[in-house]
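Notes for the structure review
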Amino acid sequence: MHLTLDVVLFLMTVALFAGAIDAMAGGGGLLTIPALLAAGVPPVSALATNKLQSAIGTGSAFLAFWRGGHVDLHRFTVPAIGAFAGSVAGATAVQHIDPGFLAGLVPVLLIVMALYFLLAPPMSDVDRHARLGRAGLTAVVTLIGFYDGFFGPGTGSFLTTALVALGGLGLVRAIANTKFLNLATNLAGLLAMIAGGHLLWMLGLGMAAANVAGNQIGARLAMRFGGRGVRPLLVVMSIALTIKLLADPANPARGWIAALVG
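Calculation rules
- Residues numbered from 1 in each chain as written.
- Predicted model: local features only at pLDDT ≥ 70, side-chain atom pairs only at ≥ 80, totals over all residues.
- Heavy atoms only, no water.
- Helix = DSSP H or I, 4+ residues; strand = E, 2+ residues; numbered from the N terminus.
- Rg over C-alpha atoms; globule rule 2.2 N^0.38 Å.
- Buried < 20%, exposed > 50% of the residue type's maximum accessible area, 1.4 Å probe, protein only.
- Areas by Shrake-Rupley, 256 points an atom, 1.4 Å probe, with all protein chains shown as cover.
- Lys, Arg positive; Asp, Glu negative; His and termini not counted.
- Charge placed at Lys NZ, Arg CZ, Asp CG, Glu CD.
- 1 Å grid on protein atoms, 1.4 Å probe; cavity = no way out; pocket = protein on both sides within 12 Å on 5 of 7 lines; lining within 4 Å.
- Points joined across faces, edges and corners; volume = space filled by probe spheres on them.
- Nonpolar A, V, L, I, M, F, W, Y, C, P; charged D, E, K, R; others polar.
- Axes fitted to C-alpha atoms, helices over the stretch in contact; angles between N-to-C directions.
- Left-handed = near helix turned anticlockwise from the far one by under 90°.
- Contact = heavy atoms within 4.5 Å.
- Salt bridge = Lys/Arg side-chain N within 4 Å of Asp/Glu carboxyl O.

What about the overall build of the chain?
Counting its secondary structure elements, the chain contains 11 helices and zero strands. Sequence-ordered secondary structure for the chain, helices as α and strands as β, is α-α-α-α-α-α-α-α-α-α-α. Here the C-alpha radius of gyration of the chain, 17 Å, is about what a compact globule of 262 residues would show, namely 18 Å. Split into buried and exposed, the 262 residues of the chain put 51% on the buried side. In the form shown here, the chain has an accessible surface area of approximately 11,900 Å², with 73% of it arising from carbon and sulfur atoms. Measuring between centres, the 14 positive side-chain charges of the chain sit 9 Å from its 8 negative side-chain charges.

Put into structure tokens, the structure is as follows:
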């Protein structure tokens with residue numbers, strides 16, 4: 001499809017801001033997917049193109065955190081393999097199962113996550129005792145990977161929450177290792193999208209360049225300011241993503257909430 005230069009520049013600008021937010025708290029797709037759809041990109045191509053720019057941008061953030069010494073490859077290689085496998089399974093399952101129930105469940109999970117970051121004791125950047133060993137954490141991450149392949153929104157935030165609450169990581173290290181795990185899920189989804197032939201390669205690569213710049217900015221801000229700025233951003237992004245999902249009249253969570261209120 002043909003897009004004018006001003007539309008391409010607009011999408012690249014959105015990708016820049018989305019990359020910075022994604023590196024710090026996750027949820028960059030909350031900006032890029034609606035922007036792609038508003039530009040007239042067909043829904044499947046929008047998801048595929050977003051996955052391309054997101055995978056490259058996440059990879060750049062991972063490298064920044066890794067160079068900063070915040071990524072534990074030894075500890076998280078097995079969970080990353082689980083995340084990749086889970087994402088492949090989710091991308092396969094979504095072709096045969098109605099994702100409506102999961103779409104309704106996501107806002108509930110996001111609200112719980114926002115409450116966790118609001119009400120939990122202040123988090124330092126110092127690691128704590130892990131509540132789960134490698135096998136347990138791999139199982140949790142694999143399930144989140146399945147969700148990313150099956151549906152997607154908020155995956156980075158879910159991974160960060162799991163690594164803080166269950167893995168015992170300080171917030172900055174949790175975000176850093178989330179990039180490693182999220183890179184695995186993104187690559188799995190990207191391979192599926194390439195096989196489907198829905199990618200807009202030139203647009204995706206242009207947005208990826210901007211997304212890389214944004215991810216580098218966000219990663220450096222996270223490493224410099226730590227949890228002081230990241231924790232509120234996680235809460236804001238969780239609430240914003242919840243509102244966005246609930247704005248869809250077809251989301252079953254609207255009916256669940258109406259039933260509870262009524």
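Describing the layout of surface pockets
Estimated volume of the second largest pocket: approximately 340 Å³. Lining the second largest pocket are 16 residues, with Leu109, Val140, Ile144, Phe158 and Ala162 positioned closest to its centre. Elements that contribute at least two residues to the lining of the second largest pocket include exactly α5 (100-119), α6 (134-150) and α7 (155-165). Ranked by residues supplied to the lining of the second largest pocket, first place goes to α5 with six residues. The class makeup of the residues in the lining of the second largest pocket is 15 nonpolar, one polar and no charged.

A look at the packing of helix α1 (residues 5-25) against helix α9 (residues 201-225)
Viewed as axis vectors pointing N to C, α1 and α9 meet at an angle of 35°, and their least axial separation amounts to 6 Å. As α1 packs across α9, the resulting crossing turns out to be right-handed. The segment α1 lies against α9, with Val8, Leu11, Met12, Ala15, Leu16, Ala18, Gly19, Ala20, Ala23 and Met24 engaging Leu203, Gly206, Met207, Ala210, Asn211, Ala213, Gly214, Asn215, Gly218, Ala219, Leu221 and Ala222.

Looking at helix α2 (residues 29-38)
It helps to recall that an α-helix has 3.6 residues per turn; residues three or four apart then point in one direction. When α2 is considered as a whole, its buried residues turn out to be Leu30, Thr32, Ala35 and Leu36. One or two positions beyond α2, positive phi appears at Gly40, with a value near 95°.

Regarding the packing of helix α3 (residues 43-67) against helix α8 (residues 171-196)
Taken N-terminus to C-terminus, the directions of α3 and α8 make an angle of 145°; their axes are 8 Å apart at the nearest point. In the packing of α3 onto α8, the handedness of the crossing is left-handed. Where α3 approaches α8, its residues Leu47, Ala48, Lys51, Leu52, Ser54, Ala55, Thr58, Gly59, Ala61, Phe62 and Phe65 are matched on the opposing element by Val172, Ile175, Ala176, Lys179, Phe180, Asn182, Leu183, Asn186, Gly189, Leu190 and Met193. Considering only residue class, the contact of α3 with α8 consists of 14 nonpolar, six polar and two charged.

Considering the pattern of salt bridges
Applying the stated criterion across every chain, the model contains one salt bridge. Residues Lys51 and Asp148 are paired through a salt bridge, measuring 3.9 Å at the closest nitrogen-oxygen approach. Of this pair, Lys51 sits in helix α3 while Asp148 sits in helix α6, and the two are 97 residues apart along the sequence. Each member of the pair, Lys51 together with Asp148, is buried.

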